[in-house]
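Report on the structure
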Amino acid sequence: MRITGCSLLLLLGLQAQAANAELTHYERLVVASCLVLEAASEGEQGMHAVLNVIVNRANGDVSRVPGVVCRPKQFTAMNSATGVRNPDYGPIIERATRDANFSLAYDLVVRMEKGQLKDITGGADHYHAENGETPYWTQTMKPTCTIGLHTFYRSDKAKPALVAQYP
């Protein structure tokens, strides 16, 4: 693939836009809560990998990250809020902030906002916990890595529909 001067400027501009995007404190709390409730048992590396999946689903656009997290039926830990008309993330945030790893998760979100979070998943946009059964949807995806008890996958096609409308 050949990158022209205009393409390079566009790519650099998108990188700068993503790196300069800023979430609200509440959005950071929601995203960090997802990381904790999905992967705190895997420690910082596991939460980092889940955040990589979220960012990959958002196509690197930090402003779309909360919408990815809040899309219904994407993250089991968020289902109690995402499956209703007027979601209340308060109970999820409250539960997550009691976890000793919450400050690590919040710090990962801040680092992601600043463009300082390396992708350790090989471009994964899906994952599942190893619990004896491999989900049907993995059949069309490429496994990229395993971190702790989570296996990560990359789909062949970009899925812009993986982002929800976020208030």
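A separate point is helix α3 (residues 43–57). Its 15 residues give α3 an end-to-end C-alpha distance of 22 Å, which sits within 8% of 21 Å, the value for a rise of 1.5 Å per residue. Of all 15 residues making up α3, 11 are buried, and the element is well covered by its neighbours. Turning to α3, its buried residues are G46, M47, H48, A49, V50, L51, N52, V53, I54, V55 and R57. The inward-facing, buried residues of α3 abut α2 (25–39), α4 (65–69), α7 (102–113), β1 (126–129), β2 (142–147) and β3 (150–154). N59 sits one or two residues past α3 and shows a positive phi near 55 degrees.

To continue, consider the packing of aromatic side chains. Here the structure, examined in full by the defined rule, presents 4 aromatic pairs. Arranged with centres 5.9 Å apart and planes meeting at 80 degrees, the rings of W137 and Y153 form a pair that is edge-to-face. In this pair, W137 is assigned in the loop between β1 and β2 and Y153 in strand β3, connecting sequence segments 16 residues apart. Classification of Y153 by relative accessible area gives buried; the value is 7%. Aromatic ring contacts, followed pair by pair, group F75, Y127 and F152 into a single cluster.

Moving on, we get to the confidence of the model for the protein. With 81% of its residues at a pLDDT of at least 70, the protein reaches an overall mean of 84. Per-element averaging of pLDDT across the protein places helix α1 (residues 5–20) at the bottom with 38 and α7 at the top with 98.

Even without glycine at this site, N59 takes up a positive phi of about 55 degrees. When you line up the elements, N59 lands in the loop between α3 and α4.

Rules and cut-offs
- Residues numbered from 1 in each chain as written.
- Predicted model: local features only at pLDDT ≥ 70, side-chain atom pairs only at ≥ 80, totals over all residues.
- Heavy atoms only, no water.
- Helix = DSSP H or I, 4+ residues; strand = E, 2+ residues; numbered from the N terminus.
- Expected span 1.5 Å × (residues − 1).
- Buried < 20%, exposed > 50% of the residue type's maximum accessible area, 1.4 Å probe, protein only.
- Contact = heavy atoms within 4.5 Å.
- Phe/Tyr/Trp six-rings, centres within 6.5 Å; stacked < 30°, edge-to-face > 60°.
- pLDDT = per-residue confidence, 0-100.

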